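# Summary of structural features
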Amino acid sequence: MTDTARPSEPRTSDAATIEKLVGPALVSRFHGLLRAARIYSPSNQTFQDQMWDLLRLVDQVMEGEVLLLAMGQCFYVNGVRIRADASQAAVFDALTVEFEQRKLGGVRFLEGLRSEELAVFLQLMLERPDGERAADLPAAAAAAGVVNVAAVTLAETESAGAETSAADEPPPQTERERTKQVFRQAVSGTRQAILHTARTGKPAMRRIKRVVQPIVDSVMKNEYSLIGLTAIKNHDEYTFAHCVNVSVLSVAMGHQLGLPRTTLANLGLAALLHDVGKLTVPPEVLGKPDQLSSEEWQLMERHPIEGVKIVARAPGLSTLSLDLLNVAFQHHLTEDGRGYPRLGRPCRLSAATRLVTVADCYDAMTAHRAYRSRPFTGYEALRLLLGPDRTRYDVAALWTLVRTVGLYPAGTLLMTNSGHLVISLSPNPEDMRRPFCRVLARPDGSMPPDAHPETWDPMPKDMTVSRVVSPEEFDGEIDRLIAA
Amino acid sequence: MTLQGRSMASDVDAGSPAEAAAAAEAGAWATRLARTFKTCRLYDGGNPTVVRFREDLHSALRELLTRHAPLTLTVTSRALELSGTAVYTAGSREDNLAAIFHRDGIRRITFRPEITQGELDTLVDSMLHVTGPDAGDDDLVTLLWSANLSNIEFVAAPLEGDIEGGGLDDAEGDRSMPWPHGTGAATASAGGSAGGPADDDGRPRSDDCDTLARAGDLDQAFEELESTAIHEMERLQGIHEEELQSSIVTRCIETLTDCLATETTPGDREELARFIPRVLREAIVTADWPAAHTAMHLLRQCDPEWSSEAFFQGLAGASSASTVRELVATLDRQGDEGVEAFLALANEFGEPSAEWLMQVLAESQQQRTRRPLARALATLVKNNPERLLAWMHDPRWYVVRNLVHILGWIGGDGVTGYLAAAIDHPEFRVRREIVAALSSASPEVARPILMKMLTRAEPRLFAMIVHQLAHFRDDSVVRHFVEILRGAEFQERSDDEKRAIYIALANEGDDVIPSLEQEFARGGLFTGGLDLHWQSVARCLARIGTPAAREALDRGARSSRSGVRKACAMALASLQTRDD
């Protein structure tokens, strides 16, 4: 802002402040100013007062720019959805109408905005009451020398709107579709929650809770349906899918252990944020395919402490806080104090940590790594986790993992004694050696068509797995088959 | 917020007559829900009106559900709809029941016929919670999800808060994320063996998760695990159970202690120093004194400069009466040992804990807790009693009395100014405590205050003040007592008051004999009703018992007034008896 004659509030990027205080005020003030501009001339004191109020609010949340967007039936300020209380609903509705009539998505305020510019912009906006006439608003503003406030067109908000519209997408018809929707929304929600955390340094607890609740419900309803989706590794947003995977696996493992619903939710949350401390590690260190130098490794080893610092910023003190702290701090430690951060004495690992550690290792092993030709398959990862070094993990946690992903995790290619080549889709809790499968090739070499897939629910009792087939021997897209 | 709303079913074509009827009934119930919400907002939960509104709301819903079950309402920002028909529309921007659901993402809400009163109450309570002043961090969806209501189902849109990645664009956001990226995968040629993908040998890598080197026979491992699974699962469940049994504070301290045992930086410790007060607070409000002690030491380990001043201000400000009452109850249960530990902790915190101790003292009902607490407070604020003065204006008389008691314990002339400020307190027990507290002050300082109090004192306090003033043996006090004695209204005073003055004067010795003797001449020609007064005066002289006093009595025994003669004769007789 260049108009500094009046006192300004300290700047904030705190989401809660924007959401509850500055955001609603900014929406109301902008609407009020628009109304005032209809009635008063820019020199009128009432108009001036309202404009100063708006400029003060904009200045308070200025981060290079302030983006006020109307999407769906909600407003967003700098990406934070504004919670309107009931008394503000009418104002929100009215401003939504103002934008909709002009086919605008919102307004962008830039650093250096002057009151004169804002007054001219509002006048230009009012002179263009519909979409057709508002189309030239950017050009008219530029011609009038208005550079620090601009209209955001609907087209500009479409990409972001795609996410919010997913919020109100029609309910899926089948269980499988429902599960996919849960997973998709979990990844999307996690993405936003993690990015929010990266920006503010505080975990977005309300948002993360909302991400985990459907996961818990889905796991409790049909445990294996969601687990299958964690085997997909070529996800567009694998960055966030890994968090979701660890969360899903941990929740399912906790469910195997008989943990109650709210405990599962806490576990899922702690799992989702277990590596949040890595947000403080430089990307070039995180992405380095080569060996890390000792300095770089020191940075890596600090991420559990950094995680503790971040989760400690979440409000309150509850069993959830404790799970978050424990998992963030302990997930690279062993009971005898090995691992990092270097403790040098035995450590009492929490039950949540024991589960998350195993889930994390399993999902990390089965993920792509730049220094690995391909990720381990679930089967290979299990062979390593359950191999001679399994003592470093909690045996019960390993068992819950096996019960969760199965002896032949989703995506494992199996050759049966009958000569069928099948792909494991989900575990069979009755008999871990006979999973639910999809037939890829029959003994005669024929293949069931994609349109009419042949599935075994589960593998027939007269068949056994004779061999686990390496992905290198198979010329198909395993992820696509799992996702189908 | 007022939530009258409008039932809309009658205004809208709701299709078939059955649908219209359902919409009308649902609308009536939604309006009832709005009214109940408003009533619950205004009055507390135990209010009979609130109870009745809640019961009526439940019975109305049960009745509605007998005809139209399940009842699914679709939520928009300003309306509730049944099968596309608006059954409730916000009357104004302040009367918007739908907004409470909609703003947190609830889009559909379904009521099942078996719905219980408790479930419906939970819904209303959750609505009250999220719209109340202490809404906390959980939204309506999370509250209802946590409540796990069998007969109220809802569909919620995910919280899509940070559009545009909360300030980072996609590419930048993903690039800075710490987890493996799907797109960067498998850059090497696919040359792995069936035993697993090719892996470089070197460690450490950016992938911080241990990739174990040795694979085993999975079938065999599975069998081994299966054979011990029941036992191992029970063990892990046991760990979880044990965690549930131990307090959050204890476990949190354990984790923080571990954390601080690693190589933490000053920045880490600074950050933890911002968190630990929460643990300390929880330890204090749950009366876990050893944990509070440890938490305080951790805090000082993280921040040697830490001052408990702000902490206790926050604690005193944030503690509700019920929290304090709960703590006091625990303290009472813990007995002397608990109180001792509590006070030892307070002592370590020093003066800043005084406010908090006052809160506890205010709620404490047991003498054995109150007494050491007051004593500890006196020690804590000895050099700065001003910090408790705000409590002097507390509406609870016993709190003011506690404070006066503490000031009395601190004693000395320094506190008399604070005591003087409360001499007009309406409660007798406070003023009585002030008189007692002034006993530790010097006569020069205490006297003016007591004299001031004496002029306004009720009988039971009057005697106490007189008694205390008498100890000062001061001429001005004696003169004042004599003035009282001579006052026209003296005979109107209560026996206790009169007795106090007589005794006080009797203790003054020869100096007051002339004044006492003058009383024998009181009354003029009509002396009715003074007999008892003369008897008391004569007894005073007898109590002085000096030769001068005896002479005065002798003169009285020769008085022309029979009442005086009689009184003095009796006094002389008692003196004689004493002498014998």
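Being a predicted model, the structure only gives us computed values, none of them experimental.

## Details of the overall build of chain B
Each helix and strand in chain B was counted, giving 25 helices and 6 strands. Taking the contacts inside chain B whose residues are at least 6 apart along the sequence as the reference set, 67% of them involve residues at least 24 apart.

## Topic: the overall build of chain A
Check the secondary structure of chain A and you find 20 helices and 10 strands. Burial status across chain A gives 56% buried among its 484 residues. Across chain A, every contact between residues at least 6 apart in sequence was considered, and the portion connecting residues at least 24 apart equals 67%.

## Focus: the environment of Ala346 of chain B
All names here are of chain B. By secondary structure assignment, the location of Ala346 is in helix α12 (residues 321-349). Spatially, the C-alpha atoms of Ala346 and Leu97 are 48 Å apart, while their sequence positions differ by 249 residues. When sequence neighbours within four positions are dropped, the list of residues in contact with Ala346 reads Ser353, Leu357, Ala376 and Leu380.

## Regarding the nonpolar core
Ala295, Leu377 and Leu541 of chain B are the most contacted members of the largest nonpolar core, which has 209 residues in total. Excluding its chain neighbours within four sequence positions, the residues that come into contact with Leu377 of chain B are Ala354, Leu357, Met358, Leu361 and Ile406 of chain B. Formed by 92 residues, the second largest nonpolar core is a distinct cluster that contains Phe99 and Val107 of chain A together with Ala22 and Val75 of chain B.

## As for the pairing of strand β4 (residues 85-89) of chain B
Residue and element names in this part refer to chain B. Where burial is concerned, most of β4 is hidden: 5 out of the 5 residues are buried. Bridge analysis of strand β3 (residues 79-82) against β4 gives 4 bridges, and the strand direction is antiparallel. Counterpart to Ala79 in the pairing with β4 is Thr89. The loop that links β3 with its antiparallel partner β4 comprises 2 residues; one of these, Ser83, has a positive phi angle of about 50°.

## What about the sheet that holds strand β3 (residues 80-81) of chain A?
Residues and elements named next belong to chain A. Here 5 strands make up an open sheet; going across it, the order is β3-β2-β1-β4-β5 and the pairing antiparallel. In this open sheet, the two strands that pair with only one neighbour each are β3 and β5 (149-153). Bridge analysis of strand β1 (residues 65-71) against strand β2 (residues 74-77) gives 4 bridges, and the strand direction is antiparallel. Bridging across to β2, Ala70 finds its partner in Phe75.

## Focus on the sheet that holds strand β8 (residues 436-441) of chain A
All names here are of chain A. One open sheet accounts for 5 strands, arranged β9-β8-β7-β6-β10; its pairing is antiparallel. Since the sheet does not close on itself, it has two edges, and those belong to β9 (455-456) and β10 (465-469), each with one partner. Inspection of the sheet shows β8 paired to β9 by 2 bridges, in the antiparallel sense. Bridged to Cys437 within β9 is Trp456.

## A closer look at helix α9 (residues 266-285) of chain B
Since the α-helix packs 3.6 residues into each turn, any two residues three or four apart lie on the same face. Between the first and last C-alpha of α9 of chain B there are 29 Å, a value that for 20 residues agrees with the 28 Å anticipated at 1.5 Å per step. Taken together, the buried positions of α9 of chain B are occupied by Asp268, Leu272, Phe275, Ile276, Val279, Leu280, Arg281, Glu282, Ala283, Ile284 and Val285 of chain B. In this structure, the buried side of α9 of chain B is in contact with α15 (303-311) of chain A together with α8 (248-261), α10 (289-302), α11 (308-318) and α12 of chain B. Downstream of α9 of chain B by one or two residues, Ala287 of chain B has phi in the positive range, about 60°.

## Focus: the packing of α12 of chain B against helix α14 (residues 367-380) of chain B
Residue and element names in this part refer to chain B. Taken N-terminus to C-terminus, the directions of α12 and α14 make an angle of 5°; their axes are 10 Å apart at the nearest point. In terms of their interaxial angle, α12 and α14 are classed as roughly parallel. In this structure, α12 uses Leu331, Asp332, Asp336, Val339, Leu343, Ala346 and Asn347 to contact α14, whose residues at the interface are Arg368, Thr369, Pro372, Ala376 and Leu380. Of the residues assigned to the contact of α12 with α14, the class counts are 7 nonpolar, 2 polar and 3 charged.

## Here's the deal with helix α16 (residues 319-330) of chain A
For α16 of chain A, built from 12 residues, the straight-helix expectation of 16 Å at 1.5 Å per residue is met to within 8% by its first-to-last C-alpha distance of 16 Å. The buried fraction of α16 of chain A is high, at 11 of 12 residues. Listed in full, the buried residues belonging to α16 of chain A are Leu320, Ser321, Leu322, Asp323, Leu324, Leu325, Asn326, Val327, Ala328, Phe329 and Gln330 of chain A. Those residues of α16 of chain A that are buried are in contact with α12 (261-272), α15 and α17 (351-365) of chain A together with α8 of chain B.

## A look at the pairing of strand β4 (residues 104-110) of chain A
Each regular strand displays side chains that alternate between the two surfaces of the sheet. Residue and element names in this part refer to chain A. Burial analysis of β4 places 5 of its 7 residues in the buried class, the great majority of the element. Pairing geometry for β1 and β4, over 5 bridges, is antiparallel. Bridge pairing in β4 links Leu69 to Gly106. Summarising the sheet, β4 and β5 pair through 5 bridges and their orientation is antiparallel. Looking at β5, one finds that Gly106 is bridged to Val152.

What counts and what doesn't
Residues numbered from 1 in each chain as written. Chains lettered and ligands numbered in written order. Predicted model: local features only at pLDDT ≥ 70, side-chain atom pairs only at ≥ 80, totals over all residues. Helix = DSSP H or I, 4+ residues; strand = E, 2+ residues; numbered from the N terminus. Contact = placed C-beta atoms within 7 Å. Buried ≥ 20, exposed ≤ 12 C-beta atoms within 10 Å, placed from the backbone. Core = buried A, V, L, I, M, F, W, Y, C linked by C-beta atoms within 7 Å. Pairing = 2+ DSSP bridges. Expected span 1.5 Å × (residues − 1). Axes fitted to C-alpha atoms, helices over the stretch in contact; angles between N-to-C directions. Parallel < 35°, antiparallel > 145°, perpendicular 65-115°, else oblique. Nonpolar A, V, L, I, M, F, W, Y, C, P; charged D, E, K, R; others polar.

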